[in-house]
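Structure assessment
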Amino acid sequence: MEITRLSPDDEAGCIDAVAVQNAGTKLDCPEMLDLTPRGFANMLRYGWDMNPEQAFLARETDGTAIGLLLVSAPSYDNLNQVWIDVNVHPDHRGRGVGSALVEYAEQVTRELGRSVVGFGGYDLPKAEAFARRHGYEQKAIEVNRRQDLDGLDWSNVQSLYDGAVARSSAYELVKITGALPDELLDGMVAVTESINDAPKDDLDMEDDVYSPKRLRAYEEAQIKSDRTIRRVIAREKATGELAGHSTITVERERPHIGIQNDTAVSRDHRGHRLGALLKSAMLLWMRDEELALSLVDTWNAESNDHMISINEQLNYRIIARVFAYQKTL
């Protein structure tokens with residue numbers, strides 16, 4: 001077996017990598033969204049916010065792709081950490097390929113001068129056993145939920161919106177497609193940092209650090225990856241202060257798929273039903289603007305009761321539970 005780094009310009013390699021990952025997903029969690037070669041290559045070029053991931057492909061001597069390792073090294077915060085994703089094609093499991101990829105990832109981590117490795121595994125006995133065998137400890141549980149818009153009761157969405165409007169009369173909504181106007185950038189840094197109030201459970205993680213530069217990098221990465229960014233922002237009428245936001249990106253390659261990137265409300269503005277206002281307003285807007293959209297995926301810590309309660313009112317259902325593991329080298 002040979003493990004080599006994959007370039008985003010290696011079209012055949014990206015096709016092989018996606019085939020490995022999608023084959024594993026189909027077996028382990030069939031409802032999870034597949035990757036596309038184009039989307040995968042863009043992830044290697046731009047990442048989430050212009051901090052691209054690294055990909056390493058494991059091949060047999062005859063060139064058959066049998067395993068995929070993804071390595072993400074944060075560049076804005078948590079500079080002691082690396083997060084990895086290990087995938088082995090179902091036809092080649094039980095042969096030590098996954099273990100070899102973990103060992104390779106830990107060596108890459110050391111070469112980067114970092115000491116903490118984390119990865120996510122589906123809520124499956126074999127994933128738990130794999131993590132324990134390699135010395136990883138479960139630290140948190142993340143849940144992927146999906147909203148199927150075709151079966152959504154829009155009267156329920158409207159009712160949630162109307163009720164939230166009645167509780168939030170001191171605020172107005174601003175809708176933005178694409179990059180933020182310069183005059184909103186600093187205010188959005190503070191709002192985005194509110195995500196740090198979401199539960200981290202037992203994860204060894206510092207707070208995320210945001211800046212105007214990082215927000216612009218996020219926008220650049222999404223736009224270059226051919227995703228449309230849509231934001232709904234709550235602004236206090238009396239002061240002009242930004243109080244919260246909800247952000248969804250829509251793939252142009254697959255415009256039926258939306259990803260909830262973030263929903264957060266600043267601590268000083270909580271208690272006015274702004275979370276419900278933002279999410280319901282976003283849905284009503286997307287219904288009018290993104291006619292092909294049929295599903296929205298979101299992720300939350302399983303312990304994030306407040307946001308989950310809003311999602312459940314909007315008919316989200318669980319797709320996957322993922323355990324987050326960490327290990328100090």
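As the structure is a prediction and not an experimental result, all values here were calculated from the model.

1. Quick notes on the pattern of salt bridges
Under the definition given, this model contains 28 salt bridges. Here Arg 93 ties to Asp 28 by a salt bridge, and the two come within 3.0 Å at their closest N and O atoms. Of this pair, Arg 93 sits in the loop between strand S4 (81-88) and helix H3 (97-111) while Asp 28 sits in helix H1 (residues 11-28), and the two are 65 residues apart along the sequence. Note that Arg 146 and Asp 297 form a salt bridge whose closest N and O atoms lie 2.6 Å from each other. Of the two residues, Arg 146 sits in strand S6 (residues 137-148) while Asp 297 sits in strand S11 (residues 295-301), which places them 151 residues apart along the sequence. Each of Asp 182, Arg 216, Glu 219 and Arg 231 takes part in a single network of salt bridges with overlapping partners.

2. Observations concerning the sheet that holds strand S1 (residues 2-6)
Spatially, 12 strands are ordered S1-S2-S3-S4-S5-S12-S6-S11-S10-S9-S8-S7 in an open sheet, and the strand pairing comes out mixed. Either end of the sheet is taken by a strand with one partner, and the two such strands are S1 and strand S7 (171-177). Geometrically, the sheet is characterised by an average inter-axis angle of 25° between neighbouring strands, direction not taken into account. In terms of strand pairing, S7 meets strand S8 (residues 227-236) through 7 bridges, oriented antiparallel. From the neighbouring strand, Lys 175 faces S8, where its bridge partner is Val 232.

3. A look at the nonpolar core
Nonpolar side chains in soluble globular proteins generally cluster together in the buried interior. By size, the foremost hydrophobic cluster in this structure holds 28 residues, and its most contacted members are Leu 274 and Leu 314. Mapped by element, the contributors of at least two residues to this core are helix H5 (154-167), S8, strand S9 (242-251), helix H8 (274-289) and helix H9 (305-313). Of all the elements, H8 adds the most residues to this core, at 10 residues. With near-sequence residues (within four places) excluded, Leu 314 lies in contact with Gln 147, Leu 152, Val 157, Leu 160, Lys 279 and Leu 283. The next biggest cluster of nonpolar side chains, apart from the first, holds 23 residues, and it includes Phe 56, Val 88, Val 97 and Val 117.

4. Remarks on helix H4 (residues 125-133)
Buried residues of H4: Ala 127, Phe 130 and Ala 131, and no others. Around the axis of H4, the buried residues are gathered within 95° of arc, so they sit on the same side. What points out from H4, more than 90 degrees from its buried face, is the exposed set Pro 125, Arg 132 and Arg 133. Looking at the packing, one finds that the buried side of H4 touches H3, strand S5 (116-122) and strand S12 (316-328). Phi turns positive, to about 85°, at Gly 135, one or two residues after H4.

Criteria and cut-off values
- Residues numbered from 1 in each chain as written.
- Predicted model: local features only at pLDDT ≥ 70, side-chain atom pairs only at ≥ 80, totals over all residues.
- Heavy atoms only, no water.
- Salt bridge = Lys/Arg side-chain N within 4 Å of Asp/Glu carboxyl O.
- Helix = DSSP H or I, 4+ residues; strand = E, 2+ residues; numbered from the N terminus.
- Pairing = 2+ DSSP bridges.
- Axes fitted to C-alpha atoms, helices over the stretch in contact; angles between N-to-C directions.
- Core = buried A, V, L, I, M, F, W, Y, C linked by side-chain atoms within 4.5 Å.
- Buried < 20%, exposed > 50% of the residue type's maximum accessible area, 1.4 Å probe, protein only.
- Contact = heavy atoms within 4.5 Å.
- Arc of directions from axis to C-beta.

Geometry only, nothing functional implied.
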